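One letter stands for each residue in the lines below.
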Amino acid sequence: VSRAIKPFAEPGRPPDWFSQKHCASQYSELLETTETPKRKRGEKGEVVETVEDVIVRKLTAERVEELKKMIKETQEKYRQLKKDAELIQAGHMDNRLEELCNEIMM
């Protein structure tokens, strides 16, 4: 697992983040902090939710929220840049052009 997920790493992770030992400890922590679903008596063939299913559902929901937040931030940045571009083209920001150019260069 550690090698399989390494290409999907977020920037800034330490080099040992994807070691087998670290991945095992993270997984153990997830298992310990996740509530075990209560088993129900039911008909044969009924699918019983496992701890792994709960973890996957929880992490998927967290990631979806993170992605929604990133999309919202990107959209806000795009709107601001589009507004700035329109103001520059209209000539309303001629006095700030040098400052904006310096920000872009940084």
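Just so we're clear, the structure is a prediction, and the values are computed from it rather than from any experiment.

The rules behind each value
Residues numbered from 1 in each chain as written. Predicted model: local features only at pLDDT ≥ 70, side-chain atom pairs only at ≥ 80, totals over all residues. Heavy atoms only, no water. Salt bridge = Lys/Arg side-chain N within 4 Å of Asp/Glu carboxyl O. Helix = DSSP H or I, 4+ residues; strand = E, 2+ residues; numbered from the N terminus. UniProt positions renumbered as here; feature names shortened; annotations may be inferred. Axes fitted to C-alpha atoms, helices over the stretch in contact; angles between N-to-C directions. Parallel < 35°, antiparallel > 145°, perpendicular 65-115°, else oblique. Contact = heavy atoms within 4.5 Å.

Let us look at the pattern of salt bridges. In total, this model carries 3 salt bridges according to the counting rule given. R63 serves as the salt-bridge partner of E66, at 2.9 Å between the closest nitrogen and oxygen. In this pair, E66 and R63 both sit in helix α3 (residues 51-90), 3 residues apart, roughly one turn of the helix. Of the charged contacts, one joins K68 and E65 as a salt bridge, the two residues approaching to 3.9 Å between their closest N and O atoms. In this pair, K68 and E65 are both assigned in helix α3, 3 residues apart and thus about one turn of the helix distant.

All right, on to the UniProt feature "coiled-coil region" (unreviewed entry) in the chain then. If you check UniProt for "coiled-coil region" (unreviewed entry), the listed places come out as residues 57-91 in our numbering. In this annotation, residues 57-91 is assigned 97% helix and 0% strand; the end-to-end C-alpha distance for the span is 51 Å.

This part is about the packing of helix α2 (residues 20-33) against α3. Contact pair α2 / α3: the axes reach a minimum separation of 10 Å and the direction vectors enclose 100 degrees. With respect to each other, α2 and α3 are oriented roughly perpendicular. Where α2 approaches α3, its residues Y27, L30 and L31 are matched on the opposing element by V51, E52, I55 and L59.

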